[in-house]
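One letter stands for each residue in the lines below.
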Amino acid sequence: MRIWLFIPLLCLVGCSPASRESAPGANAPPAALAVAVQDAAIKRGKAVAAETFALLSANLQSAIQSGGVSNALPFCSLAASPLTASMAEKHGVTLKRVTHKPRNPTAKADAEELAVLQAFEAALITTTNPPAPFATNLVSGQATFFAPIVINNELCLKCHGEPGRDISIADLAIIRQHYPQDQATGFRFGQLRGAWRIDFPLGSLNPEPQTAAQTP
Ligand code: HEC
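Residues numbered from 1 in each chain as written. Predicted model: local features only at pLDDT ≥ 70, side-chain atom pairs only at ≥ 80, totals over all residues. Heavy atoms only, no water.

## Notes on the overall build of the protein
- Scanning the protein from N- to C-terminus turns up five helices and four strands.
- Every one of the 216 residues in the protein was classed for burial, and the buried ones make up 44%.
- Taking the intrachain contacts of the protein between residues at least 6 apart in sequence as the baseline, contacts between residues at least 24 apart amount to 79%.
- For the protein, the accessible surface area stands at approximately 11100 Å², while carbon and sulfur atoms represent 57% of it. (Helix = DSSP H or I, 4+ residues; strand = E, 2+ residues; numbered from the N terminus. Buried < 20%, exposed > 50% of the residue type's maximum accessible area, 1.4 Å probe, protein only. Contact = heavy atoms within 4.5 Å. Areas by Shrake-Rupley, 256 points an atom, 1.4 Å probe, with all protein chains shown as cover.)

## Focus: the sheet that holds strand β4 (residues 192-201)
- With respect to topology, four strands assemble into an open sheet ordered β1-β4-β3-β2, the strand pairing being antiparallel. Where the open sheet ends on each side, the last strands, each with one partner, are β1 (94-98) and β2 (134-136). Between one strand axis and the next, the sheet turns through 25° on average, direction left out of account.
- Relative to strand β3 (residues 142-150), β2 is paired through three bridges, and the arrangement is antiparallel. Pairing of T136 across the sheet is with T144, part of β3. (Pairing = 2+ DSSP bridges. Axes fitted to C-alpha atoms, helices over the stretch in contact; angles between N-to-C directions.)

## Some thoughts on the coordination of the iron atom of the ligand
- Only one protein atom coordinates the iron atom of the ligand: H160 (NE2), located 2.1 Å from the metal.
- Considering the arrangement of structural elements, one finds H160 in helix α4 (residues 157-160). (Donors = N, O, S within 2.8 Å, 3.2 Å for Na, K, Ca; no water.)

## Focus on the confidence of the model for the protein
- Overall, the prediction assigns the protein a mean pLDDT of 83, with 82% of residues at 70 or greater.
- Here helix α1 (residues 2-14) is the element of the protein with the lowest mean pLDDT, 40, and helix α3 (residues 111-123) is the one with the highest, 97.
- Considering only residues more than four positions removed or in separate chains, one finds that residues 1-26, a stretch of pLDDT under 50, has 64 contacts. (pLDDT = per-residue confidence, 0-100.)

## Structural notes on the packing of aromatic side chains
- Enumeration according to the criterion identifies two aromatic pairs in this entry.
- Taken together, the ring pairs connect F120, F134 and F146 into an aromatic cluster.
- In this structure, K101 packs its charged tip against the face of F187, placed 5.0 Å from the ring centre. (Phe/Tyr/Trp six-rings, centres within 6.5 Å; stacked < 30°, edge-to-face > 60°. Lys NZ or Arg CZ within 6 Å of the ring centre and 35° of its normal.)

## Quick look at the pairing of β1
- Taken across its five residues, β1 has five buried, putting it largely inside the fold.
- Bridge count between β1 and β4: five bridges; the pairing is antiparallel. Across the sheet, K96 pairs through a bridge with R197, a residue of β4.

## Observations regarding the nonpolar core
- If you look at the biggest cluster of nonpolar residues, it comprises 20 residues, and the most contacted ones within it are L95, I198, F200 and L205.
- By residue number, the principal contributor to this core is helix α2 (residues 35-91), which donates nine residues.
- Grouped together as the second largest cluster of nonpolar side chains are 12 residues, V116, F120, L138 and L192 included. (Core = buried A, V, L, I, M, F, W, Y, C linked by side-chain atoms within 4.5 Å.)

Quick look at the structure:
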């Protein structure tokens, strides 16, 4: 049962091409984030990600149960995006999966995100102890949360592993049909698949009171 809870969850995490607004004036280097703001972004990032996982997981779970991987693949392609967008809207954030090996082309990491992925990869020693999420200042007026996504379950390989061995030929055909440019195969257990990115408007984060002194 554990498997069925996990796979839908992480697949759907991946199935979430979401809008990311480019902030006006993003050319100016943003101010460094106070530690309290980073902590607030990490806390909220984990919570928003968990809530999104749960929503998407429930939906993908039923897709797999009713028709297996071959049914879940089209589901990922069609239904996950609107669900994820609804979560982004609810929380007033932008949500995105970024990766060095995209399936959905919108998930392709930019230069800054690639640097984050490389750092996660370097810090990834065991799947049971993945690198910690963090928050940073990539865009003015925003706090950007990152968390690693690791291939931590054999069933990820049904859709991201070696074609012909882990991925059935029939499922590979479905993947190619939906994603002609797919690069997200050939992964092995324990490898970094990508990262979760959540951008919070700074005004939406409420650091702990002791550091958020407000003087009129
Ligand atoms: C049923 C097949 C299936 C399974 C199982 C699956 N994925 Fe995916 N995954 C997909 C599809 C399809 C996409 C593209 C979704 C989209 O269009 O946004 C995707 C996208 C992703 C992405 C987003 C980046 C990209 O390349 O588009 C990540 C990250 C990801 N998957 C991780 C995982 C992990 C980790 C697991 C195992 C826990 C997993 N997936 C299991 C089908 C699957």
